[in-house]
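# Summary of the model geometry
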Amino acid sequence: MNCGTCGAVADGYVCHYCGNSTEKVQGSQDEMPALAEFHQMLDGHDKEKQVELLRNGFLPSDTQALIEAGLRCIPLLHSEEYDTITPASKGRLLAIVTKLRLMKPDAQIERAVTEFERNLKQQKKASRRVDLIILIMGLIILAGIVWVIWYFTKG
Ligand SMILES: [Zn+2]
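Residues numbered from 1 in each chain as written. Predicted model: local features only at pLDDT ≥ 70, side-chain atom pairs only at ≥ 80, totals over all residues.

### A look at the overall build of the chain
Operational definition: Put simply, DSSP marks the helices as runs of H or I at least four residues long and the strands as runs of E at least two long, and each gets a number from the N terminus on. Here the radius of gyration uses the C-alpha set of atoms, whereas the globule reference equals 2.2 Å times the residue count to the power 0.38. Residues with at least 20 other C-beta atoms within 10 Å of their own are called buried, those with 12 or fewer are called exposed, and the rest are partly exposed. The C-beta atoms themselves are positioned from the backbone. For every residue pair, C-beta atoms are placed from the backbone, and the pair is scored as a contact if these atoms sit within 7 Å.
On a plain count of helices and strands, the chain comes out with five helices and zero strands. Each helix (α) and strand (β) of the chain, taken in turn from the N terminus, gives the series α-α-α-α-α. Its C-alpha atoms give the chain a radius of gyration of 22 Å, clearly above 15 Å, the size a compact globule of 155 residues would have. Overall, the chain is about 80 × 40 × 20 Å in size when its C-alpha atoms are taken along their principal axes. Taking all 155 residues of the chain together, the buried fraction comes to 25%. Taking the intrachain contacts of the chain between residues at least 6 apart in sequence as the baseline, contacts between residues at least 24 apart amount to 44%.

Okay, here's the thing in structure tokens:
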């Protein structure tokens, strides 16, 4: 069997090359195992490939599987790799939120969207904090340089 998206050999529910679902996913009952396979595959790759897979990888259509996909995205969103994995997971989670919003609203979808958006907001705050720390460190170094110049030129 070959991947319908990139043509690579694909025997599972998801293509291990591009991360899209294969013909083996026939209906919503196959989306949970496909999602599990996607995340298992993700763990086995290096950072660069993980970013690519998170950006283009399989997204379920079934509500339950889609919510599960969002939940699995949260730990990645708060990853230490805030310049690679975090933005890629953020993009994935935003796509999931958009897909959920396009569905017929019910209480469960509402709760999931609220929770995902809360995490996205939290992540934004955390990245602003990192920017602030970098700025303060820069100012301290600058002050040090100014002091050194002043010290050696005061005569
Ligand atoms: Zn593929």
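### Thoughts on the nonpolar core
Short version of the rule: Nonpolar cores are built from buried Ala, Val, Leu, Ile, Met, Phe, Trp, Tyr and Cys residues. These are joined into a set through C-beta atoms within 7 Å.
In this structure, Val 14, Ala 34, Phe 38, Leu 66, Ala 69, Leu 93 and Ile 96 are the most contacted members of the largest nonpolar core, which totals 21 residues. For this core, the secondary-structure elements that each account for two or more residues are α1 (31-43), α3 (63-77) and α4 (85-101). With six residues, the top contributor of residues to this core is α3. Dropping the residues within four chain positions of it, Val 14 is found in contact with Gly 19, Asn 20, Ser 21, Thr 22, Ala 34, Glu 37, Phe 38, Met 41 and Phe 58.

### Examining α3
The condition that has to hold: Each helix should span, by expectation, one fewer than its residue count multiplied by 1.5 Å.
Between its first and last C-alpha, α3 extends 21 Å over 15 residues, near the 21 Å set by a 1.5 Å rise per residue. Turning to α3, its buried residues number three or more, namely Ala 65, Leu 66, Ile 67, Ala 69, Gly 70, Cys 73 and Leu 77.

### What to know about the packing of α4 against helix α5 (residues 107-153)
Any two packed helices are characterised by how steeply their axes cross, that is the angle between the axes, and by the distance between the axes. Let me state the cut-off plainly: To get an axis, a line is fitted to the C-alpha atoms, and for a helix only the part in contact is used. The angle between two axes follows their N-to-C directions and goes from 0 to 180 degrees. Any angle that falls under 35 degrees is termed roughly parallel, while one over 145 is termed roughly antiparallel, one within 65 to 115 roughly perpendicular, and all others oblique. The hand of a helix crossing depends on one turn: near helix anticlockwise from the far one by less than a right angle means left-handed, and clockwise means right-handed.
Two elements in contact, α4 and α5, have axes whose closest approach is 10 Å; the angle formed by their N-to-C orientations is 155 degrees. Our classification of the angle between α4 and α5 gives roughly antiparallel. When you trace α4 past α5, the crossing you get is left-handed. For the pair α4 and α5, the contacting residues are Thr 86, Lys 90, Leu 93, Ile 96, Val 97, Leu 100 and Arg 101 in the first and Ile 109, Ala 112, Val 113, Phe 116, Glu 117, Leu 120 and Gln 123 in the second.

### Concerning α4
Over its 17 residues, α4 runs 24 Å from end to end, which matches the ideal 24 Å to within 8%, given 1.5 Å per residue. What α4 keeps buried is the set Ile 85, Thr 86, Ala 88, Ser 89, Arg 92, Leu 93, Ile 96, Val 97 and Leu 100. In this fold, the buried residues of α4 make contact with α2 (47-56), α3 and α5.

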